[in-house]
Amino acid sequence: MRDFWQILVKFFTSLRLTVVLLALGIVLVFVATLAQTDMGVWGVQQGYFHTFFAFPKWHGTPVFILPGGYLVGGLLLINLISAHLYRFRLTWKKIGIQLAHAGVILLLVGELLSGLWQEDYQMSIDTGQTKNFAESYRKHELAIADVSDPQFDAVVAIPEQLLTRPGNLDTQGKLPFRVVVKGYWPNADIHGPMMAPGLIPGASLANRDLGATLSLTPVATTTQDNTRNSPAASVELVGPDGGTLGTWLVSPTLDLFAGRPQTFDFGGRTWALSLRVARAYYDFSLTLRKFSHDLYPGTDIPKNYSSLVQLKSAGGLADRDVLIYMNTPLRHEGLTFYQASFANNDQTTILQVVRNPSWTLPYVSCLLVAGGLLVQFGMSLLGFVSRRKSAAP
Amino acid sequence: MPSIRPLLLLSAAFVIGLAAGCRKAEVTSYRAPKEAPRAAAPAVAGPSSPSMPSAMASTPMPTASGADLKWTVPANWESKPASAMRKATFVIKGDGGAEAELAISALNGDGGGEQSNLVRWRGQLGLPEISPAEVAAGVTRFEAGGLKMVVADYANDKATPPRLLAAIVPVGDATWFFKLTGPAALLEREKPAFLAFLKTIKAP
């Protein structure tokens, strides 16, 4: 037993492991950079870095296995920490090296936490419009809302992941009826009623509203930066007495075609049903006062993009104007709003909304590494200078 | 020699941290103020691309709501009620119960683009893939009533329906689609009428 631990400790504290891991890290970054042309930034992050194993593909087929970012980073972290515990001695002479290593450890931990905690959303606001929610890039949700109240909608949001398996959905008693998933497609085109090979007729997926008259083609999912998947699902609602209320085809494409959400009446209330981009609601709102798109005089070359927004919290604690522009985001309640894009003839701004509780860690770790190196080299320099002085005739 | 325990503890903390960090998908409920209806479709932007988002095949597009076009149809074309997705639908009856359908729809912007619509239609008819240049060369282009029209005529005996005769017409900031599908013989008979019909189309 003791021998086994000795071997383990020797393995995890060895400098060879560090070198191998750093080399693997270089290979991983190189292969992932090549893969980015096909998969986009987000796809590569998920497929190469936020995973234990990566499977690089050549024309769609995996060709070999690489240790993923979590495995390389995690082993490097254990390697560094155990080297500190078993090989290094905590002495004043080596304090700089210790500090620099602490910085690297913090950097690795920070990257892990970012991967686990970071949420990316986008908020697109028209000039004069007020928004208190942002929308996800990739995630979708089935929103079932009681829209009877003239001022508020009571929304129950079911994440897309729960729709992937057919059967009864557990809505935790939040709805007066049961939701049964009949079918799910992660990315699908919605077509008119015309039948053609490969199309699934809507009549086999829905018997209520628009879906029954349309048809659907499943298509390959995308992870590219500028495209989105448009999922579709066939959903049956069953009343408390076991009687069916009907089956609906839901998809973001279908809602846009129709220009309205699909609605139905149940229990004397009106309900809306839609599969939409997942939303995150906030207890403050942003109103776009002005979006500016400045060009260098006499050219079409963009000089600056900026959004002047009014930030207003629900409780009235905050009410101020903020200018968001390149590299100067708005930070509020743990969220960061970056100027990301624009649309609609400069009438709409698109802000990237990021929640990352560990965003300060990379800054702290860089300071630690820089400070550590300064101390270490400074001490060597001082020692060298004083030795030279004493050696001088 | 320090004990092995810190190493073990750290490894365990790493694994537990990973497990705890993975959030579970949960059903949520909340009250949200009603939204004012929006005219424009939400644009799709890359996470960090400071450029204009472009229309992609996977991006949903709303039916255009601009002013309608005016046209004259032959007497044998039967009008059917318009639906949410369609501006108009006509049914053309042939011999022996044969039936062709003309679907007219309009989408905002370029409606996904001429090229991708032509490729999609070829795909629907099960036609082999050809190069973009060949797709572009295989259509007829003309101008009528001040509108630029692109007409495609695709056929495949094995497909249902076996023939498609379609026109793509950009009007203002929308794109109109005139899609006639049905049996090959019936479409052959109606092709002159369809082309004549296209020439009657007028923007408001």
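The preceding data block contains the structure.
Residues numbered from 1 in each chain as written. Chains lettered and ligands numbered in written order. Predicted model: local features only at pLDDT ≥ 70, side-chain atom pairs only at ≥ 80, totals over all residues. Heavy atoms only, no water.

Chemist: Give a description of the packing of helix α4 (residues 95-117) of chain A against helix α6 (residues 361-391) of chain A that names residues and reports values.
Modeler: All names here are of chain A. As a packed pair, α4 and α6 sit with axes 7 Å apart at the nearest point and diverge in direction by 165°. When the interaxial angle is binned, α4 and α6 end up roughly antiparallel. At the point where α4 passes α6, the crossing takes the left-handed sense. Contacts from I95, G96, I97, L99, A100, A102, G103, V104, L106, L107, G110 and L113 in α4 reach L361, P362, V364, S365, L368, V369, G372, L373, V375, Q376 and M379 in α6. Considering only residue class, the contact of α4 with α6 consists of 17 nonpolar, 6 polar and no charged. (Axes fitted to C-alpha atoms, helices over the stretch in contact; angles between N-to-C directions. Helix = DSSP H or I, 4+ residues; strand = E, 2+ residues; numbered from the N terminus. Parallel < 35°, antiparallel > 145°, perpendicular 65-115°, else oblique. Left-handed = near helix turned anticlockwise from the far one by under 90°. Contact = heavy atoms within 4.5 Å. Nonpolar A, V, L, I, M, F, W, Y, C, P; charged D, E, K, R; others polar.)

Chemist: Would you mind going over the pattern of salt bridges in detail, with residue names and values included?
Modeler: All told, the structure shown has 12 salt bridges over all chains when counted by the stated rule. Of the charged contacts, one joins E141 of chain A and R276 of chain A as a salt bridge, the two residues approaching to 3.1 Å between their closest N and O atoms. Of this pair, E141 of chain A sits in strand β6 (residues 130-146) while R276 of chain A is found in strand β16 (residues 269-295), placing the two residues 135 residues apart along the sequence. You can call E141 of chain A buried: its relative accessible area is 7%. Among the residues examined, R276 of chain A registers a relative accessible area of 16% and is labelled buried. A salt bridge links D146 of chain A to R269 of chain A; the shortest N-O distance between them is 2.7 Å. Taken together, the residues D146 of chain A in strand β6 and R269 of chain A in strand β16 connect sequence positions 123 residues apart. Among the ionic contacts, a cluster of salt bridges with common partners joins D153, R163, E188 and K191 of chain B. (Salt bridge = Lys/Arg side-chain N within 4 Å of Asp/Glu carboxyl O. Buried < 20%, exposed > 50% of the residue type's maximum accessible area, 1.4 Å probe, protein only.)

Chemist: Got a sec to walk through the pairing of β6 of chain A? Specific residues and values, please.
Modeler: Residues and elements named next belong to chain A. Counting buried residues in β6 gives 15 out of 17 residues, a clear majority hidden from the surface. With antiparallel pairing between neighbouring strands as the criterion, strand β5 (residues 119-126) and β6 make up a hairpin whose turn holds 3 residues, including G128 at a positive phi of roughly 90°. Here β6 runs beside β16; their pairing, made up of 12 bridges, is antiparallel. Bridge pairing in β16 places D146 opposite W271. One ladder, built from 6 bridges, connects β6 with strand β7 (residues 152-159); its direction is antiparallel. Note on β7: the bridge partner recorded for A143 is A157. Count of turn residues in the β6/β7 antiparallel hairpin: 5 residues. (Pairing = 2+ DSSP bridges.)

Chemist: Please set out the sheet that holds strand β9 (residues 178-185) of chain A residue by residue, giving values where relevant.
Modeler: Picture the strands of a sheet paired through backbone hydrogen bonds; they go either parallel or antiparallel. Residues and elements named next belong to chain A. Strands sit in the order β8-β9-β13-β14 across an open sheet of 4 strands; the sheet is antiparallel. The open sheet terminates on both sides in strands that have one partner only, identified here as β8 (167-169) and β14 (244-250). In this sheet, neighbouring strand axes are inclined to one another by 30° on average, regardless of whether the strands run parallel or antiparallel. For β8 and β9, the ladder comprises 3 bridges, and the chain directions are antiparallel. Bridge pairing links L169 to V179 in β9.

Chemist: Go over the sheet that holds strand β10 (residues 188-191) of chain A with me, naming the residues and quoting the values.
Modeler: All names here are of chain A. Taken in spatial order, the 3 strands make up an open sheet running β10-β12-β11, and their pairing is antiparallel. Edge strands, defined here as strands with exactly one partner in the open sheet, are β10 and β11 (200-201). Looking at chain direction, β11 and strand β12 (residues 215-218) are connected through 2 bridges and run antiparallel. Along β12, the bridge assignment pairs I200 with L216.

Chemist: Describe in detail the pairing of strand β3 (residues 88-93) of chain B, supporting the description with residues and values.
Modeler: The side chains of a regular strand alternate between the sheet's two faces. All names here are of chain B. Within β3, 5 of the 6 residues are buried, leaving the element largely enclosed by the surrounding structure. Looking at chain direction, strand β2 (residues 77-80) and β3 are connected through 4 bridges and run antiparallel. Directly across from W77, in β3, lies its bridge partner I92. In terms of strand pairing, β3 meets strand β4 (residues 99-108) through 6 bridges, oriented antiparallel. Opposite V91, over in β4, you have E101 as the bridge partner.

Chemist: Which residues make up the side chain of S230 of chain A, and what are the values?
Modeler: Residues and elements named next belong to chain A. Its location among the elements puts S230 in the loop between β12 and β13 (232-238). Judged by relative accessible area, which is 2%, S230 ranks as buried. Here the side chain of S230 touches T253 through a polar contact of 2.5 Å, side chain to side chain. (Polar contact = N/O pair within 3.5 Å; in protein donor to acceptor, adjacent residues only side chain to side chain.)

Chemist: Run through the packing of helix α3 (residues 69-86) of chain A against α4 of chain A, naming residues and quoting values.
Modeler: Residues and elements named next belong to chain A. Across the interface, α3 lies against α4 with an axial gap of 10 Å and an inter-helix angle of 150°. By the angle between their directions, the pair α3 and α4 is classed as roughly antiparallel. By crossing handedness, the relation of α3 to α4 is classed as left-handed. Residues Y70, G73, L76, L77, L80, I81 and H84 of α3 pack against Q98, H101, V104, I105, L108, V109, L112, G115 and L116 of α4. Of the residues that constitute the contact of α3 with α4, the class distribution is 11 nonpolar, 5 polar and no charged.

Chemist: Summarise α4 of chain A; cite the residues concerned and give the values.
Modeler: Across its 23 residues, α4 of chain A extends 32 Å between first and last C-alpha, which sits within 8% of the 33 Å expected from 1.5 Å per residue. Taken together, the buried positions of α4 of chain A are occupied by G96, Q98, A100, G103, I105, G110, L112, L113, S114 and L116 of chain A. (Expected span 1.5 Å × (residues − 1).)

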